[in-house]
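One-letter residues, chain by chain:
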Amino acid sequence: MSLLTHFEHPVDDAQYTFRRILKALSEPGVLVTLPHATGWQPLNPATTSVLLTLADQETPLYLDAALNSDTVQHNVRFHTGAPLTTCSDKSSFSLFNNEITAEQLATCPAGNELSPEQSTTVVIQTDSLHHGVPLRLRGPGIEHSRTVAPHLPVAVLNYLLNRPAAFPAGIDFMFTCGESLMAIPRTTHVEVC
């Protein structure tokens, strides 16, 4: 097993990344750039930055088979201490690629009315944050509306358009591509333009 690089300046880069993630979550649809330059293949740099910043000993992590490897597992454990789980229904963070299915998404906990914090944050590595179905976003953090077009899996698009869990329950999504991150939290209303 080989250890892969973490942040060049661990404290400063983690703080910077945390602020960028907060910006993405508080301003849905805004693209932010994260500092990790290489990523832990098959994880892209933005996904690696998210893990280095948010994952810790108290955040169970699910890695979809397409993003899972011995090297990734070893580096997640070494750099973050996050426990790895074999099922997404017990995770705080679940990582998927663009091939996520509706069945996989349905196993991700959405919390409930009394305990919305028991939901998972789903991180999806996508091929593009620009060339997908145009979506209009409305809600907190958006003055009127914002139009985005991330390339989303059908299962995720259907989830965002239909939101099966009533607020405050629901799943927060982060979409990564290269060094870029876009978030669509559960508070955001999504419709096709």
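The present account deals with the structure reproduced in this document. (Residues numbered from 1 in each chain as written. Predicted model: local features only at pLDDT ≥ 70, side-chain atom pairs only at ≥ 80, totals over all residues. Heavy atoms only, no water.)

Here we look at the sheet that holds strand β6 (residues 135-138)
Here comes step 1: Reading across from one edge, β7-β6-β10 is the order of the three strands in this open sheet, with antiparallel pairing throughout. A single partner strand is all that each edge strand has here, and the edge strands are β7 (146-148) and β10 (189-192). The average angle at which neighbouring strand axes cross in this sheet is 30 degrees, direction not considered.
Here comes step 2: Of the pairings in the sheet, the one linking β6 to β7 comprises three bridges and is antiparallel in character. Along β7, the bridge assignment pairs Leu137 with Arg146. (Pairing = 2+ DSSP bridges. Helix = DSSP H or I, 4+ residues; strand = E, 2+ residues; numbered from the N terminus. Axes fitted to C-alpha atoms, helices over the stretch in contact; angles between N-to-C directions.)

Some details on the pairing of strand β4 (residues 93-96)
Here comes step 1: Taking every second residue as pointing to the same face, both faces of β4 are buried, with Phe93 and Leu95 on one and Ser94 and Phe96 on the other.
Here comes step 2: Across three bridges, the pairing between strand β2 (residues 61-63) and β4 is parallel. Across the sheet, the residue bridging to Leu63 is Leu95, located in β4.
Here comes step 3: Across four bridges, β4 lies against strand β5 (residues 121-125) in parallel orientation. Following the sheet pairing, Phe93 is matched in β5 by Thr121. (Buried < 20%, exposed > 50% of the residue type's maximum accessible area, 1.4 Å probe, protein only.)

Details of the packing of helix α1 (residues 10-26) against helix α2 (residues 45-54)
Each pair of packed helices gets described by two things: the angle between the helix axes and the distance between those axes.
Here comes step 1: Axis separation between α1 and α2 bottoms out at 9 Å; the angle between their running directions is 105 degrees. By the angle between their directions, the pair α1 and α2 is classed as roughly perpendicular. Contact residues: α1 offers Ala14, Thr17, Phe18 and Ile21, while α2 offers Ser49, Val50, Thr53 and Leu54.
Here comes step 2: For the contact of α1 with α2, the residue count by class is five nonpolar, three polar and no charged. (Parallel < 35°, antiparallel > 145°, perpendicular 65-115°, else oblique. Contact = heavy atoms within 4.5 Å. Nonpolar A, V, L, I, M, F, W, Y, C, P; charged D, E, K, R; others polar.)

Overview of the pairing of strand β9 (residues 180-184)
Here comes step 1: In terms of burial, β9 is a largely internal element, four of the five residues being buried.
Here comes step 2: Summarising the sheet, strand β1 (residues 32-33) and β9 pair through two bridges and their orientation is antiparallel. Each residue of the ladder has a partner; that of Thr33, found in β9, is Ser180.
Here comes step 3: Note: strand β8 (residues 172-177) against β9, five bridges, orientation antiparallel. Bridge pairing in β9 places Phe173 opposite Ile184.
Here comes step 4: Adjacent in sequence and paired antiparallel, β8 and β9 are bridged by two residues, among which Gly178 carries a positive phi angle near 60 degrees.

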